[in-house]
Amino acid sequence: MAKFRLIPYRIRLKRLEDDSDINNLRNIDNHGTDFLTLIQTSLEYFDTARVLNNSMKTISVSQLERDNRDLFGIAEGGEYGISASLTHIRTLERIQNARTPLHSEEYPFLFYFRIPENNDRNFLILEQYKTFGIKTSIQRIINEKINPLGYELKLNHLISRDLLNEIDNSRLLELRLIRYEVPMDSAERVHNGDPR
């Protein structure tokens, strides 16, 4: 069975001139420019397959929807540059050189941007299949659009790879995140009068 995973990333937008973080992604330049709208226009341009030559990858956005401060859809990405034969798994019929170096085998990947209004908890969830994903391609597409404006997108893991691997190898059925941050004051750790 194919094994897909969802990987969450924290979205950070940096100003290139002084390497500072921009906190209000709803208005990144104090002139009403919404970062989510920039992402949307960047991805709309990829409604047909595009070749990313320097990484030998292709990407296209087959579905794109926006719901208020959420942007989600499916991007199809793959790599080219190698030939391969195919085997039918039931008949064992082998098709020699079915894939040439000019073919890109594209997998569908879900993406989900969440950029709430007046909140710095911005995140992106990307689907990954085995070692294949679209993080680098999505990041490159958006940075090509915003670098000339003086910005750079950074994506940082919200969960470490070790924890993701541990979750994959366990029988974990549910994961609840109760708090986004560690309390500064130890008195805040008291819950219903019981320190825990």
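Structure first, text after, so check above.
Residues numbered from 1 in each chain as written. Predicted model: local features only at pLDDT ≥ 70, side-chain atom pairs only at ≥ 80, totals over all residues. Heavy atoms only, no water.

Here we take up the packing of aromatic side chains. Evaluated as defined, the whole model comprises 9 aromatic pairs. Consider the rings of Phe4 and Tyr129, whose centres lie 4.9 Å apart with planes at 35°: the pair is tilted. Note that Phe4 is positioned in strand 1 (residues 4-15) and Tyr129 in strand 9 (residues 123-129), a separation of 125 residues in sequence. A relative accessible area of 39% places Phe4 in the partly exposed class. Geometrically, the ring pair formed by Tyr129 and Phe132 is stacked, given 6.5 Å between the ring centres and 15° between the ring planes. (Phe/Tyr/Trp six-rings, centres within 6.5 Å; stacked < 30°, edge-to-face > 60°. Helix = DSSP H or I, 4+ residues; strand = E, 2+ residues; numbered from the N terminus. Buried < 20%, exposed > 50% of the residue type's maximum accessible area, 1.4 Å probe, protein only.)

Turning next to the nonpolar core. Ranked by size, the top nonpolar core spans 34 residues in total, and within it Ile11, Phe35, Leu43 and Phe113 carry the most contacts. At the level of elements, strand 1, helix 1 (35-44), strand 4 (57-67), strand 5 (70-79), strand 8 (105-114), strand 9, helix 2 (135-146) and strand 10 (151-157) are the ones that each hand at least two residues to this core. Here the element with the most residues in this core is helix 1; it accounts for 5 residues. Here Phe35 is in contact with Ile11, Leu13, Leu25, Ile28, Ile115, Ile142, Ile146 and Leu153, once residues within four sequence places are set aside. (Core = buried A, V, L, I, M, F, W, Y, C linked by side-chain atoms within 4.5 Å. Contact = heavy atoms within 4.5 Å.)

Before going further, it helps to spend a moment on the pairing of strand 5. Sheet analysis places strand 4 next to strand 5, joined by 10 bridges and oriented antiparallel. Residue pairing for strand 5: Glu65 is matched across the bridge by Phe72. Pairing analysis gives 10 bridges linking strand 5 to strand 8, with the strands arranged antiparallel. Within strand 8, the position partnered with Glu76 by the bridge is Pro108. (Pairing = 2+ DSSP bridges.)

Right, let's get into the pattern of salt bridges. Taken as a whole, this structure holds 10 salt bridges when the rule is applied. With a closest N to O distance of 2.8 Å, Arg114 and Asp70 form a salt bridge. Residue Arg114 is located in strand 8, and its partner Asp70 is located in strand 5; the two are separated by 44 residues in the primary sequence. You can call Arg114 partly exposed: its relative accessible area is 27%. Put simply, Arg99 and Glu105 hold a salt bridge, and the shortest N to O gap is 3.3 Å. According to the relative accessible area criterion, Arg99 is buried, its value standing at 15%. Accessibility expressed as a relative area gives 41% for Glu105, which makes it partly exposed. (Salt bridge = Lys/Arg side-chain N within 4 Å of Asp/Glu carboxyl O.)

What follows covers unusual backbone geometry. Its identity is not glycine, yet Asn30 carries a phi of approximately 60°, on the positive side. Structurally, the position occupied by Asn30 is in the loop between strand 2 (20-21) and helix 1. The phi dihedral of Asn68 is positive, around 60°, even though this residue is not glycine. One can find Asn68 in the loop between strand 4 and strand 5. Given a relative accessible area of 60%, Asn68 falls into the exposed group.

Bringing the side chain of Glu127 into the picture now. Mapped onto the elements, Glu127 comes out in strand 9. Arg5 provides the closest opposite charge to the buried, unpaired Glu127, separated from it by 11 Å. A distance of 2.9 Å separates the side chain of Glu127 from the backbone nitrogen of Leu110, its partner in a polar contact. Filtering out sequence-adjacent residues up to four positions away, Glu127 remains in contact with Phe4, Arg5, Leu6, Pro108, Phe109, Leu110 and Gly133. (Lys, Arg positive; Asp, Glu negative; His and termini not counted. Polar contact = N/O pair within 3.5 Å; in protein donor to acceptor, adjacent residues only side chain to side chain.)

We now examine helix 1. Judged by how many residues are buried, helix 1 sits mostly within the fold: 7 of 10 residues are covered. Buried within helix 1 we find Phe35, Leu36, Leu38, Ile39, Gln40, Ser42 and Leu43. Two or three places before Leu36, at the start of helix 1, stands the capping residue Asp34, its side-chain oxygen 3.2 Å from that residue's backbone nitrogen.

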